[in-house]
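Per-entry structural report
So you can see what is in the structure, the chains are spelled out below.
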Amino acid sequence: MTSKAYRLVILSLYVAMALILSYIESLIPLPLPIPGAKIGLPNIITLVSLLTLGWPLTLLVVIARIFLSGFLFGGGFSIVYSLGGGLLSLLVMSLLLHFFKDKISIILVSVFGAITHNLGQVIVAAIVVQTTSLLLYFLFLMVLAIPTGIFIGVTARELMRLLGKTTIFSKLNLPQKK
């Protein structure tokens with residue numbers, strides 16, 4: 001199998017895994033008084049994809065997951081909000097990994113991703129309802145983003161550690177760590 005075909009297989013697996021995690025997340029009732037708060041389980045796959053495939057292909061994973069999970073488990077507005085959060089989060093995490101890859105932990109990248117995901121969703125909501133008062137809501141979401149970002153980052157780090165013991169990524173022609 002060529003490297004391109006192998007990347008397509010890995011990309012498809014990431015989309016499927018992220019979609020499964022989206023479904024699992026939709027079944028988890030959070031005992032929180034904050035509407036729309038979620039753990040962010042699909043972001044485990046986003047982080048792993050960023051580290052193994054890079055941002056261009058991870059962009060495809062994120063967009064595919066958002067549209068598929070929106071059509072299957074949500075609705076039109078959930079897609080719009082998720083796109084706002086998912087794309088801003090991906091941009092920030094990609095920039096952090098690009099500029100600070102050896103100086104920043106995956107856990108901190110995940111926390112920044114969680115915070116900016118919430119910020120992106122609140123910005124979209126403020127635009128939709130045409131009020132800036134929703135930005136105060138972001139403060140409540142940020143308090144939740146920190147522990148969930150840590151959880152997602154630890155999980156992604158451990159998954160990368162375990163995947164590193166396999167030969168799964170050997171055909172992707174990833175740059176070798178020094």
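A short tour of the structure in this document, coming up. (Residues numbered from 1 in each chain as written. Predicted model: local features only at pLDDT ≥ 70, side-chain atom pairs only at ≥ 80, totals over all residues. Heavy atoms only, no water.)

1. Observations concerning helix H1 (residues 3-27)
- For H1, spanning 25 residues, the distance from its first C-alpha to its last is 36 Å, which sits close to the expected 36 Å at 1.5 Å a residue.
- For H1, the secondary structure elements touched by its buried residues are helix H2 (42-53) and helix H3 (55-73). (Helix = DSSP H or I, 4+ residues; strand = E, 2+ residues; numbered from the N terminus. Expected span 1.5 Å × (residues − 1). Contact = heavy atoms within 4.5 Å.)

2. Quick look at helix H4 (residues 76-100)
- For H4, with 25 residues, the first-to-last C-alpha span of 36 Å sits near the 36 Å given by 1.5 Å per residue.
- Of all the residues in H4, the buried ones are Ile79, Ser82, Gly84, Gly85, Gly86, Ser89, Leu90, Val92, Met93, Ser94, Leu96 and Leu97.
- Residues of H4 that are buried make contact with H2, H3 and helix H5 (106-129). (Buried < 20%, exposed > 50% of the residue type's maximum accessible area, 1.4 Å probe, protein only.)

3. Regarding the nonpolar core
- Membership of the largest hydrophobic core comes to 31 residues, with the highest contact counts inside it found for Ile10, Tyr14, Leu47, Val109 and Ala156.
- Looking at this core, the elements with two or more residues in it are H1, H2, H3, H4, H5 and helix H6 (135-163).
- With 7 residues, H1 is the single largest residue contributor to this core.
- By size, the runner-up hydrophobic cluster in this structure holds 7 residues, among which are Ala114, Ile115, Phe138 and Ala145. (Core = buried A, V, L, I, M, F, W, Y, C linked by side-chain atoms within 4.5 Å.)

4. Re the packing of aromatic side chains
- Enumeration over the complete set of coordinates arrives at 2 aromatic pairs.
- The interplanar angle of 40 degrees and the centroid separation of 6.2 Å between the aromatic rings of Phe67 and Phe71 together place this pair among those described as tilted. Pair noted here: Phe67 and Phe71 are both in helix H3, with a separation of 4 residues, about one helical turn.
- Take Phe67: its relative accessible area is 33%, and that puts it in the partly exposed class. (Phe/Tyr/Trp six-rings, centres within 6.5 Å; stacked < 30°, edge-to-face > 60°.)

5. So, the pattern of salt bridges
- Counting across every chain of the model gives 2 salt bridges.
- Among the ionic pairs, Glu158 bridges to Arg157, the shortest N-O distance being 3.2 Å.
- Its relative accessible area of 27% is what places Glu158 among the partly exposed residues.
- Among the ionic pairs, Glu158 bridges to Arg161, the shortest N-O distance being 2.9 Å. Linking Glu158 with Arg161, this pair stays in helix H6, spanning 3 residues, or about one helical turn.
- A single network of salt bridges, built from pairs that share partners, joins Arg157, Glu158 and Arg161. (Salt bridge = Lys/Arg side-chain N within 4 Å of Asp/Glu carboxyl O.)

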